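Residue strings, one per chain:
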Amino acid sequence: MGSSPAPFPEIGRKAKDLLNKDYIFDQKFTLTMLSATGTEFVATGLQKDDLFFGDISTLYKGQNTIVDLKIDSHSSVSTKVTLKNLMPSAKAVISFKIPDHKSGKLDVQYVHPHATLNSSIGLNPTPLLDLSATIGSQTVSLGGEVGFDTASSSLTKYNAGISFNKPDFSAALMLEDKGESLRATYVHTVNPTTSVGAELIRRFTNHANSFTIGSSYSVDPFTTVKTRLSNNGKAGMVVQREWRPKSLITLSAEYDSKAVNSSPKVGLALALKP
């Protein structure tokens, strides 16, 4: 990508990752294996309450092609084919799910030194259309996205945002929900082991405000502790340990001070990569 701005969905990504990533309150197991040819095989199991979900996927990476095939516990087959270098600075992704014949979709991304353009169209008679663009650089970028439903001839979304990034901090301001809410995020790297961040959301329809603050601290090169606190009375914590190279065990917990009769949420995730 070089000096090009990040795609529009990446605006505010650092804050999203700090405040939400790895907060899993279910039981999840992932096993990743590599073949001699470089093909990746992944088996995933997720227990949510009394339900169990699973899938098996394989990922093949060629010089200009990536093929991702996944079969889940509902007998659905998902396929994603990425074609790189169709033309300079452009790539295309074709995805579909069997037996859902209306799930086909074509995504195209074009990267310019000062702009990034993403488009998506459903491969069916009445497709959903999505278009997003950012201009600027990796330091400062301004962007927007719009979605259109051809079946109802209506806009499904229109959002805009601006981001400012430096090696030690990242700030973003997003106008979301068709202009009905404003989201501001900030992440600051205090030192190589500690980061703090905050998110503030203002909803114009009911004049409600919400905020979340969080932190990430590397206890040692193999252990990370994350915390977050929201104005709705919820407090969460994540402890993640790399107990062997590329293999992680993650323990998550969340306490809701307003639900005094409910037990805290606890989750465990184990990712193995021999």
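Read on for a plain summary of the structure.

Focus on the overall build of the protein
Phase 1: Each helix and strand in the protein was counted, giving one helix and 19 strands.
Phase 2: Radius of gyration (C-alpha) of the protein: 21 Å, near the 19 Å computed for a compact globule of 274 residues.
Phase 3: Reported as C-alpha extents along the three principal axes, the dimensions of the protein are approximately 50 × 50 × 40 Å.
Phase 4: Relative to all contacts within the protein whose residues are 6 or more apart in sequence, the contacts with residues 24 or more apart total 25%.
Phase 5: Taken as two groups, the 29 positive and 24 negative side-chain charges of the protein have centres that lie 3 Å from each other.

Quick notes on helix H1 (residues 13-20)
Phase 1: Inspection of H1 places Ala 15, Leu 18 and Leu 19 among the buried residues, and these make up the whole buried set. Axial view of H1: buried residues confined to an arc of 85°, hence all on one face.
Phase 2: The inward-facing, buried residues of H1 abut strand E13 (181-191), strand E14 (194-203), strand E15 (208-220) and strand E16 (223-230).
Phase 3: Just beyond H1, the residue with positive phi is Asp 22, at close to 75°.

Some remarks on the pattern of salt bridges
Phase 1: On inspection of all chains with the given rule, the structure shows eight salt bridges.
Phase 2: Between Arg 183 and Glu 199 there is a salt bridge, with its nearest N and O atoms 2.6 Å apart. On the criterion of sequence distance, the pair formed by Arg 183 in strand E13 and Glu 199 in strand E14 is long-range, its members being 16 residues apart.
Phase 3: For Asp 220, the salt bridge is made with Arg 241, and the minimal N-O distance between the two is 3.4 Å. In this pair, Asp 220 sits in strand E15 while Arg 241 sits in strand E17 (residues 234-244), placing the two residues 21 residues apart along the sequence.
Phase 4: Exposure remark for Arg 241: the relative accessible area of 35% places this residue in the partly exposed category.

Quick notes on the rules
- Each residue is numbered by its place in its chain's sequence as written, counting from 1.
- Local features in this predicted model are restricted to residues whose pLDDT is 70 or higher, and side-chain atom pairs enter the listing and the counts only when it is 80 or higher, whereas totals over whole chains, interfaces and linings include all residues.
- Only hydrogens and water are removed before side-chain values are computed, so all heavy atoms of the structure are retained for them.
- Strands are runs of DSSP state E lasting at least two residues, helices are runs of H or I lasting at least four, and both sets are numbered from the N terminus onward.
- We compute the radius of gyration from the C-alpha atoms alone; for a globule the expected value is 2.2 Å times N to the 0.38, where N is the number of residues.
- Residue contacts are defined here by distance: any two heavy atoms, one from each residue, within 4.5 Å place the two residues in contact.
- Positive charges are assigned to Lys and Arg, negative charges to Asp and Glu, while His and the chain termini are left out of the count.
- Every charge is mapped onto a representative atom, which is NZ of Lys, CZ of Arg, CG of Asp or CD of Glu.
- Throughout this description, buried means an accessible area under 20% of the type-specific maximum (1.4 Å probe, protein chains only), exposed means over 50%, and partly exposed covers the range between.
- Within this analysis, the arc is defined by the directions that extend from the helix axis to the C-beta atoms.
- Any Lys or Arg side-chain nitrogen located within 4 Å of an Asp or Glu carboxyl oxygen qualifies as a salt bridge.

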